[in-house]
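# Report on the structure
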Amino acid sequence: MNYYSLNKKAPNTTFKNAVIKGLAPDKGLYFPENITPLSKDFFDNIDNVSHSEIAFEAIKQFVLPEIPEAVLKAIVEETLSFDFPVVKLNDSISTLELFHGPTMAFKDVGARFMARCLGYFNQNNDKEVTVLVATSGDTGGAVANGFLGVKGVNVVILYPSGKVSDIQEKQLTTLGQNIKALEVNGTFDDCQAMVKTAFLDENLISKMQLTSANSINVARWLPQLFYFMFAYKQLHNKYNDIVFSVPSGNFGNVCAGMMAQQLGLPINHFVASNNANNVVTRYLISQLYEPKPSIQTISNAMDVGSPSNFIRIQEIYKNEFKTLKENMYSYSFSDNETKKAMLEIYNNYNYVSDPHGAVGYLGCKAYLKENPKAHCVFLETAHPTKFLDVVEEVIKDKQPLPEQIQSVMGKDKVSVNISTYDELKTFLLK
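Source: prediction; values computed, not measured.

### A closer look at the pairing of strand E13 (residues 375-380)
Counting buried positions along E13 gives six out of six residues, so the element sits mostly inside the fold. Because side chains alternate across E13, one face comprises the buried residues His375, Val377 and Leu379, and the other comprises Cys376, Phe378 and Glu380, equally buried. Pairing between strand E10 (residues 242-247) and E13: four bridges, direction parallel. Counted as the bridge partner of Val243 is Cys376 from E13.

### Some remarks on the sheet that holds strand E8 (residues 179-184)
Reading across the sheet, the five strands line up as E9-E6-E7-E8-E14 and stay open at both edges, with parallel pairing between neighbours. The two strands at the open ends of the sheet, each matched to only one other strand, are strand E9 (209-211) and strand E14 (416-418). When strand polarity is set aside, the average angle formed by the axes of neighbouring strands in this sheet is 30 degrees. In terms of strand pairing, strand E6 (residues 129-134) meets E9 through three bridges, oriented parallel. Among the inter-strand pairings, Thr130 is bridged to a residue of E9, identified as Leu210. Strands E6, strand E7 (153-160), E8, E9 and E14 of the sheet are contacted by helix H8 (residues 188-200), whose axis makes an angle of about 150 degrees with E6.

### Focus: the environment of Met328
Note that Met328 resides in strand E12 (residues 328-332). For the pair Met328 and Ile167, spaced 161 residues apart in the sequence, the C-alpha separation amounts to 32 Å. When sequence neighbours within four positions are dropped, the list of residues in contact with Met328 reads Met258, Phe270, Ala272, Val280, Leu284 and Phe310.

### Some points on the pattern of salt bridges
Taken as a whole, this structure holds 13 salt bridges when the rule is applied. Close ionic contact of Asp91 with Lys88 constitutes a salt bridge, the shortest N to O distance being 3.1 Å. The salt bridge partner of Asp201 is Lys425, with a shortest N-O separation of 3.1 Å. Of this pair, Asp201 sits in the loop between H8 and helix H9 (202-205) while Lys425 sits in helix H20 (residues 421-429), and the two are 224 residues apart along the sequence. Residue Asp201 is classed as buried on the basis of its relative accessible area of 13%. For Lys425, a relative accessible area of 17% puts it in the buried group.

Calculation notes
Residues numbered from 1 in each chain as written. Predicted model: local features only at pLDDT ≥ 70, side-chain atom pairs only at ≥ 80, totals over all residues. Heavy atoms only, no water. Buried < 20%, exposed > 50% of the residue type's maximum accessible area, 1.4 Å probe, protein only. Helix = DSSP H or I, 4+ residues; strand = E, 2+ residues; numbered from the N terminus. Pairing = 2+ DSSP bridges. Axes fitted to C-alpha atoms, helices over the stretch in contact; angles between N-to-C directions. Contact = heavy atoms within 4.5 Å. Salt bridge = Lys/Arg side-chain N within 4 Å of Asp/Glu carboxyl O.

Here it is as structure tokens:
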């Protein structure tokens, strides 16, 4: 499989180069040249197929033969070493729990898959690769954990000071070894802008090999399609019309669901559920795409004012606004609405949701008002204790800390404060 740049001004390239480079030379996102749907029989008989087999069949066309079949199967097995349960709230709404991995966030899947791919590609390479990543919350911890100790790979994570939760910060600042954290005086958009500037800096990239572990990287983005298939496996015998409501910030996750749809997964609609950072919600109303500075909210991982992956969504639907609108709904919700939803979920269903999942739940309710016969699944993208201060304040109930969270709480934070791109460049060159 080859990949092309969505800016259409760079040569097509291999999966290996797309992973190692992150961005194309023209700074476009990579996209696969072809998408071959899986057979109808595959989905009809999905009950008889293990999670690892489903994932291998879904991903192999994008990776083989650059990673041998046996190695890819092992990578998939190691990536999926935890559960992806669907929990029913009522006859119309369920939640897909994506927080059973090592950092208790959905990004564990993509980070673990990418780390293992990059480790394979770099195993006989004496030149080190630096993974440079901006995080609005969970990406940093998942990438740090996924790449910890990987030979020949250094990880530098930029995160906005005071705008991630305490537990999220601990997960990306306490590991040491090949993981370095830079605390940026600014917003996530500032962090992302610094990372993009680094990839454009010819002086810098002539001296070191940079790649990204944000969802702009195909090896971080594509594996996220797995769990949409896992949810379908659990639900397709119960419901005819399954819809996913995806809490959306950089739009990589909902975009991966759409890739599953392109592979033949029988899903007709996706809901992109936004917080106050609602550039896509507004676009679907006005047809004007106007990125704006991000707004800080209690669902901080979605505080993105310029979603990188939206260009991939447009490509999936051939840049046809009508087709996109037929496949994706989008709604935006305030912090106050989010808190009310968290309390409603707790009181009505005895279920504790994190703020991002609550936004997804609200997306389900909004969609079901217009489409009452559907069964809507919202993605619970992170464990609620990662947002302990918000969750406990809203539901008025003390929450026990899972083992994965307890393991980082007593460790000392180690980070470097920066404010400008020049400070980032100086740090990287040292």
